Amino acid sequence: MVHERVMEKLAILADAAKYDVSCSSSGSKRENKDKGLGDAKGYGICHAYTEDGRCVSLLKILLTNHCIFDCAYCVSRKSNDIKRAAFTVQEVVDLTIGFYRRNYIEGLFLSSGIFDNPDYTMERLVRIAKKLRLEENFNGYIHLKAIPGASDELMKQAGIYADRLSVNVEMPTEQSLKLLAPDKNHIDVIKPMEYLKNEIVGHKEEKKLNYKAPIFAPAGQSTQMVIGATKESDLEILGMADYFYEKMNMKRVYYSGYVPISYDSRLPAIGTPVPIIRENRLYQADWLVRFYGFKVNEIVGLNQPNLDLDIDPKLGWALRNLNQFPVDVNTADLELIKRIPGIGYLSAKKIVAARQFKKLFPDDLKKLGIAYTRAKYFLAFATPFQLQRDLTSIQIKDQILNLQKSKYKNDFSNQLALF
Amino acid sequence: MIQVIYDGTFEGWLTAVFEIYEYKFEDVVFAKNEASATLLFSTHHHVMTDEEKANRVLSGIKKRLSAGGFSDFYKAFFSDLDEIEQIMFQFTKYALASPKNIEGDFSNSAVWDLRKATRLTRREAHRMEAFVRFKLTKDKLYYAIVEPDCNVLPVIENHFKKRYADQRWLIYDAKRKYGIYYDLENVSTIELQFNANSNSSKFLAEICDEQEEFYQNLWRCFFKSVNIESRKNMKLHMQHMPKRYWKNLTEKIPQI
C-alpha cells in the first residue's frame, strides 16, 4: 500500500460512510473453519465508541464516493463539491484483514456510491467479499449494500459471501423520495428487498432439508430511514417500518436522524440540531413492537400521529390506558408484566422466575433492579398502591418527570425560569 | 470465627468447601494464601488443594444447577470481588440444601449476589473481547496488554482461540502479571515481565513489524473519521469506554 494515499482515502471514504447507522455484527452463524481467520458466530461486539457515543463494530467504508445520482440528503451526491476517492479491491481486503487481526473490528461493512452502472458497482463489492472468503479464508462478519438495479446473479453471489445485505429506503414515503431524489422510485428499493427476502427464506428452507446447503445472508437484511429531513409523522415512519418487518422479514430497520449537510432549500438548514430525541423515541417504539408485543397502532394513531418527546412510548401507552392497571406481578402473565413502565424485558422474566419461590413485595422488586419509582404507579401492591390510586395520568406523568434527571429536561420544561 | 486459608484457585476453593462441611465449621471467612492481618485472633485452617475433594463438591453443585447456571457460577469466581468466596459459599449452601433448582430465586440474596458477581465478570470479559488491541511483532506474534477489573483471561481464552486460529497471539494481564499464549495449537498460561513503557515509539520501532505503526495510524484515522461532530456526546462515549481502559486502546493514544 502506498501509505499516504491510503490514509487519505480512508479518511474520505469512512467519513462518507458514517451516515449509514447500522453497525450490527450479530446474528450470523458463520463459524471459523479449517483453522482460518475469524468467527462470526453469535453475539456482536462493539470494539470502540466514537465521541458521539456510537458503536464501532465494523470497518464501515464506501468503496467509492463517486456517484451518478444527485440525492439531496446524501453527502456524496453528484453536485456536491467534495473530495472524491476510490479504493482498489486489494486495498479493502488488506484493510479488513489488517484491522481484524488486530482485533479492531468484527468485520467489514462495505457500501458504495453508484459509479457507471449498478452491475458494475455491485460486481466490485461482491468481488471483495469473495476474495475475503475464498482467498483469505476470512470468517468474520461482512455486511454488503445491495445496489438497487444490480442483476439477480450478482445479488445471489453477494448473499453467499455476505452475512447481511441491506438496501436503504432512505425516505419514508414516495413523495419525499420524489422531492429529494427525483431520479429514484420506491419500487427500485422494494424490488431488491423482495428478491433478498425470497432468497433468504428459500435458503433457510433448503438448509432444513439438507444441512450442507449453502447459507445465504445468515444475518438477514436491514434497511434505514432518514428521520427529520422531510415532513413524515412517526405514524408514517413506524407504519413503514412495520411493513418492512412484516412483509420483508427485515432483521432491523434503522432510523437515522438527519444531520444537515447541505444548503439545499428543500432540507433543514445547516446548523439545525440533529433530531436525536425523536430518533431515540422511534427506536424505543421499534423495540416495543419487536420485543414487547405491542402493535404499532397502540403506540401511535391517527389522533396522535407523533410520539411524545418528553416521555418514552411505553409510559405514554400506559398513561393512555390506565384502565389496564394496576397489575399484580405475582399473578399476571409475562406479556402484561412487560407492559409495565419501569420493567424491562429481562426484569419481567426475572420476576416470573422469582415469584415461583415466594410472593414478591416492593423490596424484592427493588432488589431485582427494576425502576421502582416509575413502576410503582402501575403495580397492585397493597400498601403503596393505596396511595397512588386516585392519581390521574397527568399527575403521574408530572411526578415521574420530576423524578428523572433527563439531560433533555431543559428542552421540555414548561415552567418559566425565575432567575 | 474460623479463617479458611486456601491457595486462591477454583479447585482450592472447592476443597475448602468440602472441608468446611467435613469439619462442620461454622462462621467461616476465606483468605487467599496468607491469613488476613485484621483477623489475628481467629482460628486458622489451612486447606491443601485436593482434587478428589474438589471434584466431589463440584459434582454436587453441578447436579443441582443447569449447564448455564453452572457456567455462571464458575464465571463468578473470576470477578475478583473481595467477598467472592463468601458469596459463592452462601450460594453453594443454598443450592445444596434445596431440593429443587434455585437459579431463578432472584429475591434471595445468595442468588442475587452471585448473579451480580457473574455479571461483573461477564461484562469485563465482553469488554476485553472488544478492547484487546493486538500489535504485531517482528517475529509475527500478535500481542496485547490489558488491565481488566476482573481476572478474565481464563474466561476469554476460547473466544480468542477460535477467532484467531491462524495467528500466534499473547494477551498479557499487566495487573495480575500473567498472560495467555496461543501457539497455533494450544493456549497456555505464561508468566513474564512486560516492559511497562510498551507504548513508546522507540519500543514499538524496536520490536514491531514494519507495518505495525501504519496500521495503528490507519485505525486512529478511521476512528476519527467515523465520528459525527454534530452528534457529539462525550458522556455516552465515556460510559461505553471508561477512561481507565484508554492507555491500552490504540485509538485513544495520540499518534506518536
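Residues numbered from 1 in each chain as written. Chains lettered and ligands numbered in written order. Predicted model: local features only at pLDDT ≥ 70, side-chain atom pairs only at ≥ 80, totals over all residues.

### What to know about the overall build of chain A
Secondary structure assignment for chain A yields 17 helices and ten strands. Taken over the C-alpha trace, chain A has a radius of gyration of 24 Å; the compact-globule value for 419 residues is 22 Å, and the two agree within 12%. Expressed as lengths along the three principal axes of its C-alpha atoms, the size of chain A is roughly 70 × 55 × 40 Å. Going through the 419 residues of chain A one by one, you find that 44% of them count as buried. (Helix = DSSP H or I, 4+ residues; strand = E, 2+ residues; numbered from the N terminus. Rg over C-alpha atoms; globule rule 2.2 N^0.38 Å. Buried ≥ 20, exposed ≤ 12 C-beta atoms within 10 Å, placed from the backbone.)

### Structural notes on the domain arrangement of chain A
Residues and elements named next belong to chain A. Segmentation of chain A into domains returns domain 1 (3-299) and domain 2 (313-412). For domain 1 and domain 2, the distance between their C-alpha centres works out to 37 Å. Contacts between the two partners involve ten residues from domain 1 and, on the opposite side, eight residues from domain 2. For the side of domain 1 that touches domain 2, the secondary-structure elements that each account for two or more residues are helix 8 (276-291) and helix 9 (296-299). In terms of residue class, the side of domain 1 that touches domain 2 is made up of six nonpolar, two polar and two charged. (Domains from an automatic or database assignment. Contact = placed C-beta atoms within 7 Å. Nonpolar A, V, L, I, M, F, W, Y, C, P; charged D, E, K, R; others polar.)

### Quick notes on the interface of chain A and chain B
Note: interface size is frequently given as the accessible area lost on complex formation between the parts. The interface of chain A with chain B comprises 44 residues on the first partner and 39 residues on the second. The set of elements that each furnish at least two residues to the side of chain A that touches chain B consists of helix 1 (3-17), strand 3 (48-49), helix 2 (89-101), helix 12 (345-354) and helix 13 (362-367) of chain A. The greatest single-element share of the side of chain A that touches chain B, amounting to six residues, is contributed by helix 1 of chain A. Its residues placed into classes, the side of chain A that touches chain B shows 21 nonpolar, ten polar and 13 charged.

### Notes on the packing of helix 1 (residues 10-22) of chain B against helix 2 (residues 51-64) of chain B
All names here are of chain B. It is the contact of helix 1 with helix 2, at a shortest axis distance of 8 Å, that shows an interaxial angle of 80 degrees. Between helix 1 and helix 2, the interaxial angle falls into the category roughly perpendicular. Where helix 1 abuts helix 2, its residues Glu 11, Leu 14, Thr 15, Val 17 and Phe 18 lie against Glu 51, Lys 53, Ala 54, Arg 56, Val 57 and Leu 58. Of the residues assigned to the contact of helix 1 with helix 2, the class counts are six nonpolar, one polar and four charged. (Axes fitted to C-alpha atoms, helices over the stretch in contact; angles between N-to-C directions. Parallel < 35°, antiparallel > 145°, perpendicular 65-115°, else oblique.)

### Considerations on the nonpolar core
Ranked by size, the top nonpolar core spans 172 residues in total, and within it A:Ala129 and A:Ala158 carry the most contacts. Looking at which element gives the most residues to this core, the answer is helix 5 (residues 109-131) of chain B, with nine residues. (Core = buried A, V, L, I, M, F, W, Y, C linked by C-beta atoms within 7 Å.)

### Quick notes on the sheet that holds strand 3 (residues 43-46) of chain B
All names here are of chain B. If you trace the three strands from one edge of the open sheet to the other, you get 2-1-3, paired in parallel fashion. Looking at strand neighbours, the two that pair on one side only are strand 2 (28-32) and strand 3, the edges of this open sheet. Strand-to-strand twist in this sheet, taken as the mean axis angle between neighbours without regard to direction, amounts to 30 degrees. As defined by bridge partners, strand 1 (residues 2-6) adjoins strand 2 across five bridges and the pair is classed as parallel. Its bridge partner lying in strand 2, Gln 3 is registered against Val 29. Of the strands in this sheet, strand 1 and strand 2 touch helix 1, which is tilted by about 145 degrees from strand 1. (Pairing = 2+ DSSP bridges.)

### Topic: the sheet that holds strand 8 (residues 187-190) of chain B
All names here are of chain B. Strand order across the open sheet formed by five strands is 4-5-6-7-8, with mixed pairing between neighbours. Either end of the sheet is taken by a strand with one partner, and the two such strands are strand 4 (135-136) and strand 8. Strand direction decides the pairing type here: strand 4 and strand 5 (residues 141-146), joined by two bridges, are antiparallel. Counted as the bridge partner of Lys 135 is Tyr 143 from strand 5.

### Describing the pairing of strand 5 of chain B
The side chains of a regular strand alternate, residue by residue, between the two faces of the sheet. Residues and elements named next belong to chain B. Where burial is concerned, most of strand 5 is hidden: five out of the six residues are buried. With antiparallel pairing between neighbouring strands as the criterion, strand 4 and strand 5 make up a hairpin whose turn holds four residues, including Lys 140 at a positive phi of roughly 60 degrees. Sheet topology note: the strand 5/strand 6 (residues 168-173) ladder contains six bridges and is parallel. Paired with Leu 141 across the two strands is Arg 168, which belongs to strand 6. Handedness of the β-α-β unit built from strand 5, helix 6 (residues 153-163) and strand 6 comes out right-handed. (Right-handed = clockwise from strand over helix to strand, strands pointing away.)

### Description of unusual backbone geometry
Note: most peptide bonds trans; most residues except glycine with negative phi. Residue and element names in this part refer to chain A. Cis geometry marks the peptide bond from Phe 325 to Pro 326; its omega dihedral reads 0 degrees. On the secondary structure map, Pro 326 appears in the loop between helix 10 (313-320) and helix 11 (334-337). Notably, Asp 116 is not glycine yet its phi reads approximately 65 degrees, a positive angle.

### So, the domain arrangement of chain B
Residues and elements named next belong to chain B. What the domain assignment lists for chain B is domain 1 (2-125) and domain 2 (132-252). The C-alpha-based centres of domain 1 and domain 2 are spaced at 32 Å. At the junction of the two partners, domain 1 supplies eight residues and domain 2 supplies eight residues. Here the side of domain 1 that touches domain 2 gets four residues from one element, more than from any other, and that element is helix 5. Taken together, the residues that form the side of domain 1 that touches domain 2 break down as three nonpolar, two polar and three charged.

### Looking at the environment of A:Leu196
All names here are of chain A. With respect to the helices and strands, Leu 196 occurs in helix 6 (residues 186-209). Exposure remark for Leu 196: the 25 C-beta atoms within 10 Å place this residue in the buried category. Taking the C-alpha atoms as reference points, Leu 196 and Asp 333, separated by 137 residues in sequence, lie 37 Å from one another.

### Description of the environment of A:Leu322
Residues and elements named next belong to chain A. Its location among the elements puts Leu 322 in the loop between helix 10 and helix 11. Judged by the 14 C-beta atoms lying within 10 Å of it, Leu 322 falls in the partly exposed class. Linking Leu 322 and Arg 252, residues 70 residues apart in sequence, is a C-alpha distance of 31 Å.

### A closer look at the confidence of the model for chain B
When pLDDT is low, close inspection of the predicted coordinates is not appropriate. All names here are of chain B. Taken as a whole, chain B shows an average pLDDT of 92; of its residues, 94% reach a score of 70 or greater. Ranking the helices and strands of chain B by mean pLDDT puts helix 3 (residues 67-77) first, with 97, and helix 7 (residues 201-207) last, with 76. What the predictor reports for the complex is a pTM of 0.92 with an ipTM of 0.93. (pLDDT = per-residue confidence, 0-100.)

### Some words on the environment of A:Leu403
Residues and elements named next belong to chain A. Relative to the elements of secondary structure, Leu 403 occurs in helix 16 (residues 393-403). Taking the number of C-beta atoms within 10 Å as the measure of exposure, Leu 403 has 10 and is therefore exposed. Separated by 165 residues in the primary sequence, Leu 403 and Leu 238 have C-alpha atoms spaced 29 Å apart.

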